[in-house]
Every structure is written in structure tokens, then in C-alpha cells.
Amino acid sequence: MLTMIVRRLLLAIPTIIAITALLFFSVTTILGSPAGMMLGQDASTDAIAALNARYGFDRPAIMQYGAWIAGAIQGDFGRSFTTQQSVARAIADCIPVTLEMTLWSILLATTAAVILNTIPVARRALAGATTAVNLIGITVPNFMLGISLIFLFSVWLGWLPSTGWAPWSDGVAEHLKRIIMPVLTLSAYYFGVFSIVYRAEYRDVAQRMFIQVARAKGLSEWMVAFKHALPNAILPVITFVGITIGQLTGGAVVTETVFSMPGTGRLFVSAIAGHDFPVMLAIGMLIVTGVILMNLLADIAYTIVNPQIRFD
Amino acid sequence: MIEPHKLLGVRDLSVRFATEAGPVLAVDRVSFDIARGETLALVGESGSGKSTAALSLMGLLGAAGGATLSGRIDLRLKNGSTHDINRLSARELRRVRGNEMAMIFQDPMSSLNPVYTIESQICEAIILHQKTAWPAARRRALELLHSLGIPNPEKCMTSFPHQLSGGMRQRVMIAVALSCEPRLLIADEPTTALDVTIQAQIIELLKRVQSWTGMAILFITHNLGLVAELGGRVIVMYAGRVVEQGKVAEVFSHPCMPYTQALLRSLPRLRRARAPRQRLQAIPGNVPSAVDRPAGCAFHPRCGFAAKGMCDTRLPALEDCGGGHLAACLRWRDIASGKAA
């Protein structure tokens with residue numbers, strides 16, 4: 001187990017270097033000279049040259065990447081081109097917002113997907129409704145759902161503020177009011193994905209012999225479903241949860257933009273819009289690292305849920 | 001109601017399934033009794049309805065859905081009262097399952113839940129039915145594993161199913177089934193998935209267990225060799241119906257129904273009494289599809305004695321051909337006296 005973890009972590013290093021290098025070179029070649037972008041089209045060649053020299057853009061790309069990765073390892077991702085703020089600082093401010101929203105959404109989506117698809121009676125009676133919610137969650141774009149929620153709860157009913165963010169320090173009620181709609185929006189999509197994955201696996205598990213054996217012991221349908229079928233059907237959901245948490249910004253980009261939340265997703269969008277490549281690179285690296293780490297955690301969780309799976 | 005010495009009385013049990021190909025009569029008016037401590041073997045090819053009949057005794061067919069049951073399944077409970085399994089509520093049925101009667105299944109590899117230890121899977125039923133606490137249930141489980149000849153029971157208790165061999169898993173399944181001291185054990189092809197040497201061990205074990213506990217065993221199998229080894233009584237099923245029943249020794253030495261005769265002829269035997277170079281005789285044709293059963297006797301298209309205008313139109317009832325040995329054949333007298341062609 002420990003050797004597996006160490007091996008996977010060591011393997012993560014070249015993966016991170018390769019992917020960030022790919023990001024670095026594609027961003028610098030596709031977007032062109034950062035100095036040109038920062039100073040605008042009318043800038044004099046002298047001014048561009050001066051800026052290039054100041055930031056080191058006149059050096060070969062490989063040197064620039066070397067300098068960047070050396071800094072990144074020490075937690076120094078440089079300064080944003082647009083705000084001149086420290087990138088590490090900007091991201092550190094955004095992560096709690098995105099992380100909290102994502103975790104709540106995943107918790108809600110997983111619980112709902114697993115419970116609704118496990119309850120013996122509900123499984124059959126609510127099958128139509130669950131499928132409908134699945135389809136809505138997956139097919140309706142996040143921004144549509146978000147805007148619809150804003151329309152319903154903010155414009156029409158006036159219960160919740162439409163956009164913005166309030167940290168915990170502003171009070172629990174204020175915080176929850178701002179986070180409910182983004183969480184609902186984001187979890188609708190996750191619910192759709194988790195529910196489909198879980199249901200397919202559950203159907204398989206329900207055919208297995210030990211389910212019949214559990215019934216033959218005299219256990220109730222609830223016990224059969226929750227104690228015997230659930231732990232065997234939940235494995236693929238764990239993988240999906242791991243990948244989803246790792247992606248962080250992936251699902252959050254649209255939701256954060258719709259609800260103007262100061263999270264990593266929105267930071268990523270504005271970085272792209274402003275050609276702010278230190279920020280783009282830093283978030284790119286964050287996503288890669290996140291996915292790798294969460295995959296590892298998901299694999300460890302596998303061994304806890306299913307004793308048949310062992311790493312050696 | 002059933003006679004006092006009987007444990008189980010099945011009367012006119014029929015099971016219908018609604019399938020896409022139309023309604024299927026998987027079990028057709030089957031009746032039999034099981035006395036206390038008796039061994040009854042239910043023999044038939046796959047598709048003969050023997051497993052369906054067994055599952056309906058446990059009330060487990062409803063869970064699969066799509067099945068309609070009729071007839072009575074009277075079971076005498078430990079407290080002396082008699083109940084019709086077909087008319088019990090889901091809650092009452094759960095008190096019977098695992099407690100009054102238990103079942104072991106064909107495939108020990110998939111009969112145990114891979115995520116729980118052996119200990120928790122044996123103790124589960126004990127705690128459920130006997131309302132005991134964990135330490136007492138654990139002691140009982142250990143005792144069971146020990147008596148079932150499992151080496152190092154302590155270690156087995158904390159093992160997960162995938163750490164055990166097939167034979168060990170079937171022993172564990174027997175421990176699960178015996179945990180609440182049921183008076184009827186239904187064994188649905190318990191040795192089919194095992195190696196031949198392990199098969200014999202499991203059969204020996206079941207016979208030994210029966211001698212201590214005095215429980216009755218309903219043994220479902222397609223293997224006539226096992227039936228001979230088990231002894232007791234045998235019921236032969238064909239296409240959802242009982243075609244012959246009686247004491248194993250009697251049925252094996254004087255089979256009355258041509259199907260049973262054919263089954264016995266298809267078995268290899270050392271030191272055959274007849275011609276030494278005789279080939280094994282396979283039964284021609286296949287088991288009829290459950291959707292499209294032949295009229296009259298379901299076996300007539302494959303039967304060498306079938307008479308036109310008789311076997312293909314009239315459904316034979318079970319008749320006593322001597323000493324409680326029953327057979328469902330219109331021509332059994334002709335066949336027995338050698339008059340049939």
C-alpha cells in the first residue's frame with residue numbers, strides 16, 4: 001500500500017512537468033509575445049524590448065519554462081500581467097470558494113444519487129422521475145439552470161440574492177444564502193452523472209448470488225439494498241467523485257461566472273480573456289495536480305470499500 | 001393442513017412467469033411432502049422447474065418479479081403452528097427464511113458478499129433471528145465452522161470470501177444456513193460448481209450434519225449419482241411436472257417412467273450387468289421449451305414407448321405402481337410387463 005502511494009507520487013512528478021511544459025509552450029506560441037499583448041498594438045518596439053528584457057521574455061522558451069517551473073516548485077508562480085498581484089496569492093484566495101462549492105455539490109449529488117437509486121420501493125416507483133432529473137442534470141447547460149434558479153428564487157420569489165459571495169465571516173446565514181443556488185446548479189450535473197453510473201452498477205450487483213443469499217437469510221429489502229448491494233455498487237461513483245474534485249475548476253467555471261463568485265473558475269476565465277498567462281499556467285498546474293492526487297485518493301478509497309482490491 | 005410427522009406439504013404448486021415469448025408454466029401442479037429429518041432429492045434437467053420450485057418454497061420468487069404462484073406450501077414451524085408460505089406477508093416470510101428453513105446455492109464463489117468478513121456474514125442471520133448479541137453470535141459461528149471441519153476457524157472468521165477456496169466457501173455457506181438451526185435445508189445444486197473430490201466431501205458433510213441436527217434436506221440436483229449417494233426419497237421432474245417419485249433404491253432399481261429409465265441408462269456404470277460393450281444411451285431430442293410444451297405427456301416426442309392417439313393427447317396422472325412408488329405414465333403397466341414395443 002505504502003509503496004503504491006510512493007510510486008504513484010513519484011510518477012506524478014514527470015506527469016506534472018510534461019503537462020505544464022505542454023501548456024507553457026502552447027500558450028507562449030499561440031498567444032504570441034506577452035509584451036505585445038500587455039502593451040497593446042500601438043506600443044513602440046523599444047518599449048516592447050524593454051518589457052521583454054524586464055520579464056525575461058527575450059530568453060529562449062526552454063529557459064523561460066525552466067525559470068517558471070523552478071519558481072512554481074517553491075510556490076512562486078510569478079505576478080499577474082493584468083493586476084500585478086502575486087499569482088499564488090490570487091489563487092489561494094479563490095481556492096476556498098471553489099473547493100467549498102464543489103464539495104457541497106458533490107456531497108449533495110452523491111448522497112441523493114446513491115440513496116434514490118438504492119431505496120427498494122423508490123428504485124421502482126421513482127425510476128421515471130430519477131431518469132428525468134438525470135437527463136435534465138446532464139443535458140441542460142449549467143448556465144441555463146443557474147439563470148433559471150436566479151429567475152425563480154431571486155427575481156420572482158425574492159428569497160435569495162442573485163449573485164455575489166459572502167465569506168463565513170459575514171455570518172452563516174449570509175454565507176448559506178449565497179451558496180445555495182450555485183451548489184444546486186452544480187450538483188444537478190453531478191447528480192446526473194453519478195446517478196447513471198451508480199444505477200448501472202447497482203443493476204449488475206442486484207443480479208449477483210449473494211443478494212439472493214441475503215434475502216434467504218431473512219433480511220429485509222432495505223437491509224439487502226443498503227447493506228449488501230450498496231457497498232458493492234458504489235465503486236465507480238468513488239472514481240467519478242475523485243476525478244470531479246480533482247478537476248475543481250472544470251465544472252465550476254460556468255457556475256462561478258453565472259453567480260459571479262470569486263472562485264478559481266472565474267479567475268481562469270478572466271485570465272484567458274486578459275491573456276494573463278502566469279495565471280493560466282498556475283491554474284493549469286493546479287488542475288493537473290488535483291486530478292492526479294484525487295485519482296490516488298480514489299484508488300485508496302477503493303481498497304477500503306472493497307477488500308478484494310489490494311495494491312502490492 | 002398436514003399430518004403431524006410432516007414438516008412440509010406442497011399441494012398443487014404452480015408457478016407462472018410472464019415472459020416476452022408469452023406466459024410460461026415453469027412448475028405445473030407439483031405436490032410432495034417432506035417428513036422431519038428426511039432427505040428428498042429433486043432431480044431433473046435444467047429447465048425442468050426444480051430450482052423454481054425450490055425458490056418458491058423460500059418465498060423468493062416474488063422478489064424476482066413477474067411470477068404468479070398458486071397452490072399451497074404448508075410448513076410446520078418450530079413453535080408447532082402450520083402456515084401456508086404462499087399466504088404469508090413479506091414480514092412473516094422474513095421470519096421463516098433463514099430461521100425455519102435455509103437455503104444453500106449452486107455457486108459458492110458468488111454466494112458470499114465480497115465486502116464483508118465471514119464472521120459478519122454468519123453472525124448476521126443469528127443476530128437477526130435469535131436476537132442475540134455479537135459475542136454470543138460469534139461463539140456460535142466459531143462452533144459451527146469448527147464442527148464443519150474448517151481448519152483454523154479463528155482465521156477463517158476474519159477472512160474475506162476471496163481468500164477462501166470454493167470448497168471452504170461452500171462450507172461457510174452451509175454454516176450460514178445452519179446458523180439458526182433450521183428444520184429444513186434446501187440445497188440447490190450445492191456441489192455442481194465444485195471439484196469432484198470436494199463434491200463428495202460436501203455430501204458427506206451434509207449427511208453428517210443431518211444426523212446431528214435431525215433436519216430435513218431437500219436436495220436439488222441433475223446428478224443421479226449424488227441422489228444414489230444421498231439415499232432417502234427422490235422426485236423426478238420433467239417439463240415442470242413430477243413424473244416419478246419414490247424411495248431412491250426402489251426408483252433406481254425399478255424405474256417405471258420411461259424418462260427415468262432413459263436417465264438411468266445414460267449414466268456410466270462400472271461392471272454393467274448387461275452386455276459388456278454396450279454404449280451409453282443418450283436421450284434423443286431436447287427438453288421442450290417452456291413456452292411451447294407438447295400436448296399430452298410432455299415426454300412423448302422423445303419417448304420410445306409413446307403410443308399415437310394416447311400419449312400425445314392425454315396427460316398422465318401420477319399412479320401408484322406399488323408401495324408408494326408413483327409414476328406418471330399411461331403405459332407403465334405395458335412397459336413393466338414387456339408388452340410395449
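Residues numbered from 1 in each chain as written. Chains lettered and ligands numbered in written order. Predicted model: local features only at pLDDT ≥ 70, side-chain atom pairs only at ≥ 80, totals over all residues. Heavy atoms only, no water.

1. Structural notes on the pattern of salt bridges
Item 1. Tallying each qualifying case throughout the model produces 20 salt bridges over all chains.
Item 2. Across the pair Arg8 of chain A and Asp299 of chain A runs a salt bridge whose closest N-O atoms are separated by 2.8 Å. Separated by 291 residues along the polypeptide, Arg8 of chain A in helix α1 (residues 2-31) and Asp299 of chain A in helix α15 (residues 277-305) bring together distant segments of the chain.
Item 3. Residue classification places Arg8 of chain A among the partly exposed positions, given a relative accessible area of 28%.
Item 4. Asp334 of chain B is paired through a salt bridge with Arg331 of chain B; the nearest N and O atoms lie 3.7 Å apart.
Item 5. Overall, the relative accessible area of 16% leaves Arg331 of chain B in the buried class. (Salt bridge = Lys/Arg side-chain N within 4 Å of Asp/Glu carboxyl O. Helix = DSSP H or I, 4+ residues; strand = E, 2+ residues; numbered from the N terminus. Buried < 20%, exposed > 50% of the residue type's maximum accessible area, 1.4 Å probe, protein only.)

2. Focus: a nonpolar patch on the surface
Residues and elements named next belong to chain A.
Item 1. Taken together, Trp104, Leu107, Leu108, Trp168, Val172, Leu176, Ile180 and Leu184 make up a surface patch of nonpolar side chains, about 710 Å² in accessible area.
Item 2. At 4 residues, the largest contribution of residues to the nonpolar patch is made by helix α9 (residues 172-206).
Item 3. Inspection of the secondary structure puts Leu176 in helix α9. (Patch = residues over 30% accessible without salt bridge, like charges linked within 9 Å, V, L, I, M, F, W, Y side chains within 5 Å. Areas by Shrake-Rupley, 256 points an atom, 1.4 Å probe, with all protein chains shown as cover.)

3. Structural notes on helix α7 (residues 127-139) of chain A
Residue and element names in this part refer to chain A.
Item 1. Compared with an ideal rise of 1.5 Å per residue, which puts 13 residues at 18 Å, α7 spans 18 Å between its outermost C-alpha atoms and is within 8% of the ideal.
Item 2. Taken as a whole, α7 has its buried residues at Thr130, Asn134 and Gly137. Buried residues in α7, looked at end-on, bunch into an arc of 70 degrees, giving them a common side. Seen from the open side of α7, the exposed residues pointing more than 90 degrees away from its buried face are Gly128 and Thr139.
Item 3. Contact partners of the buried residues in α7: α9. (Expected span 1.5 Å × (residues − 1). Arc of directions from axis to C-beta. Contact = heavy atoms within 4.5 Å.)

4. Details of the pairing of strand β3 (residues 39-43) of chain B
Residues and elements named next belong to chain B.
Item 1. Taking burial as the measure, the 5 residues of β3 include 5 buried ones, the bulk of the element.
Item 2. Residues Thr39, Ala41 and Val43 line one face of β3 and the alternating positions Leu40 and Leu42 line the opposite face, and both faces are buried.
Item 3. Note: β3 against strand β8 (residues 216-221), 5 bridges, orientation parallel. What sits directly across from Ala41, in β8, is Phe219.
Item 4. As judged from the 4 bridges shared by β3 and strand β9 (residues 233-238), these two strands associate in the parallel manner. In the strand pairing of β9, Leu42 is matched with Ile235. (Pairing = 2+ DSSP bridges.)

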